[in-house]
Amino acid sequence: MQKTGQPTINDVARIASVSKKTVSRVINRSPLLNDDTRKRVEDVIAELGYIPNPQARALALRRNFLIGLVHDNPNAQTVLNVQQGMLEALHGSEFEMVVRPLDRGSATMLEDLRHFLERQRLFGVLLMPPVSENDSVARLCDAIGCRYVRMGSAVIDDNDHMVASNDREAVRIATEYLIAQGHRRIGLVAGPHGFRSARERRLGFEDALGAAGIALPRSMIADGNYTFESGLAAAERLLDLMPRPTAIFSSNDEMAAGIIHAARQRGLDIPRDLSIVGFDDTPIAAHVWPPLTTVRWPIASMARSAALKLIAGADDGSDLVEEPSLFLSTLIRRGSVAPPLDAETA
């Protein structure tokens, strides 16, 4: 009698003349296979119409095929970009993503995270900044046996547990670009306190000004929290100064959009009266007018690499994966920067 049930992983392995482990590696896109074997197994999977059963495997492994994303970030676009990168990495695998906002200021933050990780029985978790910058969070993941990768604006862990960008160097280069245009009164809209990214970007800004012998009065620094509204408020403060800055570096694009709005309300022309540089290169950077000169933060690529690190060895417990840990941010020159009207007094 012909078998009418759903095909199993055993059927795929038998027809493809490989082990179940090899089939699992193909399903999870392991790099430990040659192309011929991968294609042979994929052809059998397609011919049989085999659909993996992650629930059954989860019972065997005592882990769900879930990758968590934990964040406490006020910028929705940043979180969306991370999700995009993770989903690209998980596409075609047995894994799904689950997102968990977390209040890093809560007295029960660590306990809340523990409950989430244990309840969901996650295979691994990507920790976004600023949560990722807390070493206690990493220790908690270790203690309960949950894989983790920390995302940061500087090196915060070993390569297996981290994806990082070069924020300080990137902002130094962006600020040097403003200085090369002739600007010397350059304001800074800083990021929120407690974020490593805010500190790294401010340090890069200060590095460039210091190397050029440009003083940075405290009055030329306005605090923000990575939102449009905080950029608007920070710009009002900086543009009230006499003399006002001829250029402003904003620690992210959302705040830069707020700065543009505030400048326009005062009748200032960008970039003739005020040059602006942002950070992130989110869609808003290309949609504002003039298009925003900004630092492209490769956050989606970082998230993709982090997710691939997390699912590495899902089939056999190994951790062999060749994914980068350091990603370089680059300056994208658009239309929001020009030399100051009076370069000698700028």
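Predicted model only: the values in this text are computed from it and were never measured. (Residues numbered from 1 in each chain as written. Predicted model: local features only at pLDDT ≥ 70, side-chain atom pairs only at ≥ 80, totals over all residues. Heavy atoms only, no water.)

A. Molecular detail of the environment of Leu126. Positionally, Leu126 belongs in strand β3 (residues 124–127). Sequence separation of Leu126 and Lys309 is 183 residues, and the distance between their C-alpha atoms is 9.8 Å. (Helix = DSSP H or I, 4+ residues; strand = E, 2+ residues; numbered from the N terminus.)

B. Layout of the side chain of Ser197. Tracing the sequence through the fold places Ser197 in helix α9 (residues 196–211). With a relative accessible area of 4%, Ser197 lands in the buried category. Contact partners of Ser197, with chain neighbours within four places excluded, come to Glu133, Ser153, Asp167 and Tyr226. (Buried < 20%, exposed > 50% of the residue type's maximum accessible area, 1.4 Å probe, protein only. Contact = heavy atoms within 4.5 Å.)

C. Representation of the packing of helix α6 (residues 109–120) against helix α7 (residues 135–143) in the model. Across the interface, α6 lies against α7 with an axial gap of 11 Å and an inter-helix angle of 30°. Here α6 lies roughly parallel to α7, going by the angle between them. Considering only the axes of α6 and α7, their crossing is right-handed. Across the interface between the two elements, Met109, Leu110, Leu113, Arg114 and Leu117 of α6 pack against Ser136, Val137, Leu140 and Cys141 of α7. Across the contact of α6 with α7, the residue classes tally to seven nonpolar, one polar and one charged. (Axes fitted to C-alpha atoms, helices over the stretch in contact; angles between N-to-C directions. Parallel < 35°, antiparallel > 145°, perpendicular 65-115°, else oblique. Left-handed = near helix turned anticlockwise from the far one by under 90°. Nonpolar A, V, L, I, M, F, W, Y, C, P; charged D, E, K, R; others polar.)

D. Structural detail: the pairing of strand β9 (residues 275–280). Of all six residues making up β9, six are buried, and the element is well covered by its neighbours. Going residue by residue along β9, you find Ser275, Val277 and Phe279 tucked away on one face and Ile276, Gly278 and Asp280 tucked away on the opposite face as well. By the bridge criterion, three bridges tie strand β8 (residues 247–250) to β9 in an arrangement that is parallel. Its bridge partner lying in β9, Ile248 is registered against Ile276. (Pairing = 2+ DSSP bridges.)

E. View of the side chain of Ser275. Tracing the chain through its elements places Ser275 in strand β9. Within polar-contact distance, the side chain of Ser275 engages the backbone nitrogen of Ala338 at 3.0 Å. What Ser275 contacts, discounting residues up to four positions off in sequence, is Leu178, His183, Thr246, Ala247, Ile248, Ser336, Val337 and Ala338. (Polar contact = N/O pair within 3.5 Å; in protein donor to acceptor, adjacent residues only side chain to side chain.)

F. Focus on α7. Among the residues making up α7, those that are buried are Val137, Ala138, Leu140 and Cys141. In an axial view of α7, the angular spread of the buried residues amounts to 160°, which keeps them on one side of the axis. Opposite the buried face of α7, at more than 90 degrees from it, the exposed residues are Arg139, Asp142 and Ala143. If you follow the buried residues of α7, they end up packed against α6, β3 and β4 (147–152). Among the residues of α7, the N-terminal cap falls to Asn134, whose side-chain oxygen and the backbone nitrogen of Ser136 are separated by 2.8 Å. Looking at the residues trailing α7, positive phi occurs at Gly145, about 75°. (Arc of directions from axis to C-beta.)

G. How the structure looks around unusual backbone geometry. Of note, the bond from Pro129 into Pro130 is cis; its omega dihedral lies within 30 degrees of zero at 5°. By the secondary structure assignment, Pro130 is in the loop between β3 and α7. Look at the link from Met242 to Pro243: it is a cis peptide, with omega at -5°. For Pro243, the location among the structural elements is in the loop between α10 (228–239) and β8. Phi is positive for Arg121, which is not a glycine, with a value near 50°. Counting through the fold element by element, Arg121 comes out in the loop between α6 and β3. Arg121 sits in the partly exposed class, given a relative accessible area of 30%.

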